[in-house]
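Inside the fold
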Amino acid sequence: MPTFASFDGLQLNYTVWEGDGAAQAARPVLLQHGFAADTNANWIATGVVAALRKAGFTVISLDARGHGRSEKPHDESRYTEATMARDVSALLDELALDEVSMVGYSMGAIIALAATAADKRIRRLATGGVGSGIVDFGGVDLRVVKPAEIASALLAEDPTTVPPSGVPFRLLADAVGGDRQALAAVALASREGVVDVSAIGVPTLVLAGDQDVLAAEPERLAAAIAGARLVRIPGDHMTAVMAPAFSEALVSFLSAPHPR
């Protein structure tokens, strides 16, 4: 798997699957996974990469700092969403890409929103696993789970003492072999929301599981982004991305003619 040095020298891992000849004119699709997940858990195991490749797209997936095969410092200051959005731009620089479409899920959606607002090379955006928390808090929905609770769950010596709201994150981190100390630093760095959706002017698709409490009121997020479209998917935060309807809506959106 290739790596590159991001803007601050941190080594990040990414994967590229080349598209077929029929889709050479299509923009590459850049994927950003959710918190505690990685490229495999969020995009390969769920069938999203396979669906995009079948449609002919070149697909690129970035392992966020602190995740997957990327470097995992334990310093909270290395993990703001603004920093992780700069990692996206650094990867576009590394690959010499003039334009991409971007897809982000959960934490990855927050990163994708911030990156799209800052980098004009992202020409189309799809988010999943987020809703009105973006509008009200600029990031993670603090009404559902607080960063300190996630960090506490990850750092607990005794798993039976983990706060209920943090259990899914602890289970996912352990399932993928994540560095729980690094992930706790990621969680704590997300306490201050930074996403300004008013700066986003590209075609946007908001995908939300109909049972996903972390994507509550997705219609408010769609309404806050000029021209955004909402598609509801069956499932909760962990399962909606696995639903065939998720990949189908994504492929349809990304396959539409490119606005210039």
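The structure this text deals with has already been given above.
First, a word on what this report is: a plain description of the structure on this page.

With that out of the way, let us pick up the overall build of the chain. On a plain count of helices and strands, the chain comes out with 10 helices and 8 strands. Its C-alpha atoms put the chain at 55 × 40 × 30 Å along the principal axes. Burial statistics for the chain: of 260 residues in total, 53% are counted as buried. The contacts of the chain with a sequence gap of at least 6 include a subset with a gap of at least 24, amounting to 72%. Entry remark: accessible area of the chain is about 10,600 Å², with carbon and sulfur atoms responsible for 54%. Distance between charge centres in the chain, computed from 21 positive and 30 negative side chains, equals 5 Å.

On to the packing of helix α6 (residues 147-155) against helix α7 (residues 167-175). Axis separation between α6 and α7 bottoms out at 8 Å; the angle between their running directions is 45°. In this view, α6 runs oblique relative to α7, as classed from their interaxial angle. Remark: the crossing between α6 and α7 carries right-handed chirality. Of α7, the residues touching α6 (which contributes Ile150, Ala153, Leu154 and Leu155) are Phe169, Arg170 and Ala173.

What follows concerns the pairing of strand β6 (residues 122-128). On a regular strand, one side chain projects to one face of the sheet and the next to the other, so that they alternate. Taking burial as the measure, the 7 residues of β6 include 6 buried ones, the bulk of the element. Here strand β5 (residues 100-105) pairs with β6 via 6 bridges, running parallel. In the sheet register, Val100 faces β6, and the bridge partner there is Ile122. As for the winding sense of the linkage, the β-α-β connection from β5 through helix α4 (residues 107-118) to β6 is right-handed. Pairing analysis gives 4 bridges linking β6 to strand β7 (residues 204-209), with the strands arranged parallel. Looking at the pairing, Gly128 lines up with Leu207 of β7.

Moving on to helix α10 (residues 244-255). The end-to-end C-alpha distance of α10 is 16 Å, a good match for the 16 Å that 12 residues give at a rise of 1.5 Å each. Of the positions making up α10, those classed as buried are Phe246, Ser247, Ala249, Leu250, Val251, Phe253 and Leu254.

This brings us to the environment of Leu207. With respect to the secondary-structure elements, Leu207 resides in strand β7. Overall, Leu207 belongs to the buried group, its relative accessible area being 1%. Linking Leu207 and Arg232, residues 25 residues apart in sequence, is a C-alpha distance of 5.8 Å.

Formed by 55 residues in total, the largest nonpolar core has its most connected members in Phe35, Val88, Leu113, Ile134 and Val197. In terms of residue count, the dominant contributor to this core is α4 (8 residues). If we ignore the near neighbours within four places in the chain, the residues touching Val88 are Leu30, Gln32, Leu62, Met102, Ile111, Ala115 and Ile122. Of all hydrophobic cores here, the second largest spans 25 residues; its members include Trp43, Val59, Leu207 and Ala240.

Each value, and the rule that gives it
Residues numbered from 1 in each chain as written. Predicted model: local features only at pLDDT ≥ 70, side-chain atom pairs only at ≥ 80, totals over all residues. Heavy atoms only, no water. Helix = DSSP H or I, 4+ residues; strand = E, 2+ residues; numbered from the N terminus. Buried < 20%, exposed > 50% of the residue type's maximum accessible area, 1.4 Å probe, protein only. Contact = heavy atoms within 4.5 Å. Areas by Shrake-Rupley, 256 points an atom, 1.4 Å probe, with all protein chains shown as cover. Lys, Arg positive; Asp, Glu negative; His and termini not counted. Charge placed at Lys NZ, Arg CZ, Asp CG, Glu CD. Axes fitted to C-alpha atoms, helices over the stretch in contact; angles between N-to-C directions. Parallel < 35°, antiparallel > 145°, perpendicular 65-115°, else oblique. Left-handed = near helix turned anticlockwise from the far one by under 90°. Pairing = 2+ DSSP bridges. Right-handed = clockwise from strand over helix to strand, strands pointing away. Expected span 1.5 Å × (residues − 1). Core = buried A, V, L, I, M, F, W, Y, C linked by side-chain atoms within 4.5 Å.

Honestly, it's all geometry; don't read function into it.
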